Amino acid sequence: MSTTMVVGVDAGATSTRCVVADLDGTVLGRGTAGGANRNSSGGEVSASLTAALGAALQALDRTKVSCGVLGAAGSAGAGRAAFRAAAIRAWADAGLTGELVTVTDLEVAYAAGTAEPDGVLLLAGTGALAARFAAGELSRRSDGYGWLLGDEGSAVWIAVRALRAVLAALDGRGEPTALLAAACAHFDVPDLLPPARDPVDDHDLRPPARVFVDARALLPPVGDDVRCEDVAQGLIAATFAVPPAALGGFAPAVSAAAERGDRVAERICAAAAERLLHTFDSVGPPPGAAVVLAGSVLLSPGPVSRAVRAGLLARTAATPRTALDGAAGAAGLAIARITGAPVPPVVHARLTHAPDRG
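Here's what I pulled together on the structure shown here. Owing to the predicted nature of the structure, the values given are computational and were not obtained by experimental measurement. (Residues numbered from 1 in each chain as written. Predicted model: local features only at pLDDT ≥ 70, side-chain atom pairs only at ≥ 80, totals over all residues. Heavy atoms only, no water.)

Before going further, it helps to spend a moment on the overall build of the protein. For the protein, the count of helices and strands is 12 helices and 12 strands. Looking at the 358 residues of the protein, the share that counts as buried comes to 47%. Nonlocal contacts in the protein, meaning residues at least 24 apart in sequence, comprise 65% of its contacts between residues at least 6 apart. Counting only carbon and sulfur atoms, one obtains 56% of the accessible surface of the protein, whose full area is about 16400 Å². (Helix = DSSP H or I, 4+ residues; strand = E, 2+ residues; numbered from the N terminus. Buried < 20%, exposed > 50% of the residue type's maximum accessible area, 1.4 Å probe, protein only. Contact = heavy atoms within 4.5 Å. Areas by Shrake-Rupley, 256 points an atom, 1.4 Å probe, with all protein chains shown as cover.)

Take a look at the structure:
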């Protein structure tokens, strides 16, 4: 085992994860802390970074840390300087003196999936984008413009379109959909289904598969506009009461409805997959380049992930890789910086617990 150590940090909006490893890719320590959001004050971001670093390094000799790579969502463009300042404070607070490198979450996500210098990252979680890497550097990106202006095919994009379909079903512009009951359940809004009766004790119960009953039964009789309006206004109030990013939590219910044959949900999921593949095509992936998938929409089983993977296989004739541990990817970048060479496949596999692809 090498005595030189590196640190990798993946700072997201909901959690901050840290990995400490040696140059052979053996993980020596891990730490987690709260989210590090660039919209928070520098002190809050520094506190999350310091906590994650401290947890990962608590039993290790910090003087042996030669390099650290810290990546964060929102650290590009206008957020770059703020995150760099927060990282410098956290690095010093953790008692570290080695070289500190700050990057975006795109670099660490790509590095988590492969050590190859050329390839494409396709990410779909809360947001969505494609990023092309050449010689280890980010050379081109497509989308990733946020829920209001882009992020096509993301969890938030899927959820917003599903909610629009629900409101259209309620006011007569759209067709009935099982997404109505799913949305009412997810956002805790009283729905339009009468309670089922327990044949034994006559208590009101909901059947386990209630979300997926015949969609036509989810709307009140024609002319019952008051009940439709009450539900619509309840959904509007509930969804506007949460941050836009939180709407993405409804996306799994949309996928589940599509899996059970709801036509509206099927069309939304198919459109999401088409948008993501178009985003992938837009960065001009070179032939034979590695493709790394990241984000909950693409790493969770479901119709969007299935369609995207099939589309990528048809385009590249290769199975895409997955980015499961951004902090380990950041540590890999730190190893490459020290050695001056790409991380060997066996070291990358050990570091990320992924199969060695040779």
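Core analysis: the largest hydrophobic core is formed by 51 residues, its most contacted members being Ile158, Leu179, Phe250, Val254, Val304 and Val308. When residues in this core are grouped by element, the largest group, 11 residues, is from helix α4 (residues 155-171). Aside from chain neighbours lying at most four places away, what touches Ile158 is Gly153, Ala251, Val254, Ile268, Ala272, Val297 and Val304. (Core = buried A, V, L, I, M, F, W, Y, C linked by side-chain atoms within 4.5 Å.)

With respect to the helices and strands, the residue Ser154 is situated in the loop between β8 (137-143) and α4. What makes Ser154 buried here is its relative accessible area of 1%. Here Thr126 takes part through its backbone oxygen, which lies 3.3 Å from a polar atom of the side chain of Ser154. If we skip the residues at most four places from it in the chain, Ser154 touches Gly125, Thr126, Gly127, Ala128 and Val297. (Polar contact = N/O pair within 3.5 Å; in protein donor to acceptor, adjacent residues only side chain to side chain.)

This next bit is on the sheet that holds strand β2 (residues 15-22). Spatial strand order, β3-β2-β1-β4-β5: 5 strands in an open sheet with mixed pairing. Single-partner strands in this sheet number two, and they are β3 (27-34) and β5 (99-104). The mean inter-strand angle of the sheet, taken between neighbouring strand axes irrespective of direction, is 15°. Strand direction decides the pairing type here: strand β1 (residues 5-11) and strand β4 (residues 65-72), joined by 7 bridges, are parallel. Considered in β4, the bridge of Ala11 is made with Ala72. (Pairing = 2+ DSSP bridges. Axes fitted to C-alpha atoms, helices over the stretch in contact; angles between N-to-C directions.)

Let's shift gears to the pattern of salt bridges. This structure, assessed with the given rule, holds 10 salt bridges. Linking Arg17 and Asp10 is a salt bridge whose minimum nitrogen-to-oxygen distance equals 2.8 Å. Take Asp10: its relative accessible area is 11%, and that puts it in the buried class. For the salt bridge of Arg267 with Glu175, the shortest nitrogen-to-oxygen distance reads 2.6 Å. With Arg267 in helix α8 (residues 263-282) and Glu175 in the loop between α4 and α5 (179-186), this pair connects stretches of sequence that are 92 residues apart. Taken together, the shared-partner salt bridges in this structure form one network comprising Glu175, Arg263 and Arg267. (Salt bridge = Lys/Arg side-chain N within 4 Å of Asp/Glu carboxyl O.)

A few words on the sheet that holds strand β11 (residues 290-294). The strand order across the open sheet formed by 5 strands is β8-β7-β6-β11-β12, and the pairing between neighbours is mixed. Where the open sheet ends on each side, the last strands, each with one partner, are β8 and β12 (321-322). Across the face of the sheet, α8 comes into contact with β6 (119-124), β7 (128-134), β8 and β11 while running at roughly 150° to β6. Together, β6, β11 and β12 form the strand contacts of helix α10 (residues 303-316), whose direction differs from that of β11 by roughly 170°.

Here the focus is a nonpolar patch on the surface. On the surface, Tyr145, Trp147, Leu148 and Leu149 cluster together into a nonpolar patch covering about 540 Å² of accessible area. In this fold, Trp147 is placed in the loop between β8 and α4. (Patch = residues over 30% accessible without salt bridge, like charges linked within 9 Å, V, L, I, M, F, W, Y side chains within 5 Å.)

Considering the arrangement of structural elements, one finds Arg309 in helix α10. For Arg309, a relative accessible area of 27% corresponds to the partly exposed category. For the pair Arg309 and Thr319, spaced 10 residues apart in sequence, the C-alpha separation works out to 7.7 Å.

Moving on: the packing of aromatic side chains. Tallied over the entire structure, the rule returns 2 aromatic pairs. Taking 4.4 Å as the distance between ring centres and 15° as the angle between the ring planes, the aromatic pair formed by Tyr110 and Phe133 counts as stacked. Of this pair, Tyr110 sits in helix α3 (residues 105-113) while Phe133 sits in strand β7, placing them 23 residues apart in sequence. Ring centres of Phe187 and Phe250 lie 5.7 Å apart, and the angle between their planes is 55°; this geometry places the pair in the tilted category. With Phe187 in the loop between α5 and β9 (196-197) and Phe250 in the loop between α6 (225-240) and α7 (251-259), the pair connects residues that are 63 residues apart, well separated along the chain. Note on accessibility: Phe187 and Phe250 belong to one class, buried. (Phe/Tyr/Trp six-rings, centres within 6.5 Å; stacked < 30°, edge-to-face > 60°.)

Let us now look at the pairing of β6. Most of β6 sits out of view: 6 of its 6 residues are buried. Both faces of β6 are covered, namely the face carrying Gly119, Leu121 and Leu123 and the face carrying Val120, Leu122 and Ala124. In this sheet, β7 lies alongside β6 in antiparallel orientation, the contact comprising 6 bridges. Across the sheet, residue Ala124 finds its bridge partner in β7, namely Ala128. As paired elements, β6 and β11 share 5 bridges and run parallel to each other. Bridge pairing in β11 links Val120 to Val291.

Contact geometry of α3 with helix α11 (residues 326-339) gives a least axis separation of 7 Å together with a crossing angle of 90°. The orientation of α3 with respect to α11, classified from their angle, is roughly perpendicular. Mapping the contact onto sequence places Glu107, Val108, Ala111 and Ala112 in α3 and Gly326, Gly329, Ala330 and Leu333 in α11. Classifying every residue of the contact of α3 with α11 by side-chain character gives 5 nonpolar, 2 polar and 1 charged. (Parallel < 35°, antiparallel > 145°, perpendicular 65-115°, else oblique. Nonpolar A, V, L, I, M, F, W, Y, C, P; charged D, E, K, R; others polar.)

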